[in-house]
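# Residue-level structure breakdown
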Amino acid sequence: MGKGGKGAEVATAVAGAGEEENMAAWLVAKNTLKIMPFKLPELGPYDVRVRMKAVGICGSDVHYLREMRIAHFVVKEPMVIGHECAGVIEEVGSGVKQLAVGDRVALEPGVSCWRCRHCKGGRYNLCDDMKFFATPPVHGSLANQIVHPGDLCFKLPDNVSLEEGAMCEPLSVGVHACRRADVGPEKRVLIMGAGPIGLVTMLAARAFGAPRIVIVDVDEHRLSVAKSLGADAGVKVSTRAEDMAEEIEKIQAAMGAEIDVSLDCAGFSKTMSTALEATRAGGKVCLVGMGHNEMTVPLTSAAIREVDVVGIFRYKDTWPLCIEFLRSGKIDVKPLITHRFGFSQKDVEEAFEVSARGRDAIKVMFNL
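Here the structure is a predicted model, which means the values were calculated and not measured.

### Quick notes on the sheet that holds strand β17 (residues 279-287)
In space, the six strands of this open sheet follow the order β15-β14-β13-β16-β17-β18, with parallel pairing throughout. The sheet is open, and its two edges are formed by β15 (233-236) and β18 (308-311), each paired on a single side. Neighbour-to-neighbour, the strand axes of the sheet open up by a mean angle of 20°, direction not taken into account. With four bridges connecting them, strand β13 (residues 189-192) and strand β16 (residues 259-264) associate as parallel partners. Bridged to M192 within β16 is D264. Contacts from helix α5 (residues 196-207) reach β13, β14 (213-217) and β16 within the one sheet, and its direction differs from that of β14 by about 175°. Lying on the sheet, helix α8 (residues 269-278) is in contact with β13, β16, β17 and β18; it crosses β17 at an angle near 150°.

### Re the packing of aromatic side chains
Across all of its chains, the model carries seven aromatic pairs by this definition. Seen in terms of ring centroids, F154 and W319 are 6.4 Å apart; in terms of plane orientation they differ by 25°. Their pairing is stacked. Of this pair, F154 sits in strand β12 (residues 153-155) while W319 sits in helix α10 (residues 319-328), and the two are 165 residues apart along the sequence. Look at F154 and you get buried, because its relative accessible area is 18%. When its relative accessible area of 0% is taken as the criterion, W319 is described as buried. Pairing F208 with F325 gives two aromatic rings, centres 5.9 Å apart and planes at 65°, and the pair type is edge-to-face. Of the two residues, F208 sits in the loop between α5 and β14 while F325 sits in helix α10, which places them 117 residues apart along the sequence. Accessibility assignment for this pair places F208 and F325 in one class, buried.

### Looking at the UniProt feature "domain: Enoyl reductase (ER)" (unreviewed entry) in the chain
Using the residue numbers shown here, the UniProt feature "domain: Enoyl reductase (ER)" (unreviewed entry) corresponds to residues 30-366. Structurally, residues 30-366 is divided into 31% helix and 26% strand, and its ends, taken at the C-alpha atoms, are 21 Å apart.

Thresholds, definitions, all that
Residues numbered from 1 in each chain as written. Predicted model: local features only at pLDDT ≥ 70, side-chain atom pairs only at ≥ 80, totals over all residues. Heavy atoms only, no water. Pairing = 2+ DSSP bridges. Helix = DSSP H or I, 4+ residues; strand = E, 2+ residues; numbered from the N terminus. Axes fitted to C-alpha atoms, helices over the stretch in contact; angles between N-to-C directions. Contact = heavy atoms within 4.5 Å. Phe/Tyr/Trp six-rings, centres within 6.5 Å; stacked < 30°, edge-to-face > 60°. Buried < 20%, exposed > 50% of the residue type's maximum accessible area, 1.4 Å probe, protein only. UniProt positions renumbered as here; feature names shortened; annotations may be inferred.

In structure tokens form, the structure reads like this:
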């Protein structure tokens, strides 16, 4: 399995002469992170050992820190946090042919079984036996070094930084959503939510050729960021359900034409209802965000207009396209990285506080 390692025993790494002790950021209790030793699993023939250089904080990391769980994934023992990452290869297994020591790589964080129906059918993101960084009981990647399968490490071109490589993970969510929603040059796109995932989804939709993109949020600052990154229009809305009808009129007016595809990157009853009602007959709505586990939405109205509804879970086969978008300049994720921290105990605590606070923080990045 390799990878960050499964199970949660806080093992003291045994450092040989001249070897450094591998340290990681462990989630040990609610609102408590501690930098402690992290013993790596043995390197398998198809594994690589990677020195982490850039690790981003995701909303799920913050949620685990606050609640020690997401849905049925419960942190029962100390766990290394982090899954948005890139680094430099320091050792390769005997069977790894496509990578070499010194290569700069972005890591796809999920290791599927490759044996089940989903994996064999090409939808490995749905694998029931997925081992995903920082999803209990699997350890994450906010560490000096980790071990991971070589085929899930993607070499970065010279003009793509390690920070950009780490951003391939959130960008992959947007790319997968655009694929599921069939975004293209003839599809006008509405995006609900201008948080980090809404912004990367907007960038992906533009790279897929969407000619006009309208983005919606409750926060004026987020909308201004979205417009600076290329949104054609932004519409400020409220959280009140009674305002929805008037807001849909504003959204449709901002689009200036029918809305072909809506991507709900917030995932609340109101945002999904707005997306379903605003999208044209025969259009498509993709649920990306997971704000609510259960929703009350106007499905009958959507059904009689044959509005297709799809969802996404993580991503599949997105890293090569994300890297090409970054290499070619079709997508620029650098403006999304708003805060940077080192890797001390103080840095880790401060970084998570900044990320949880939100406000002007979009992506908080550790430089190791």
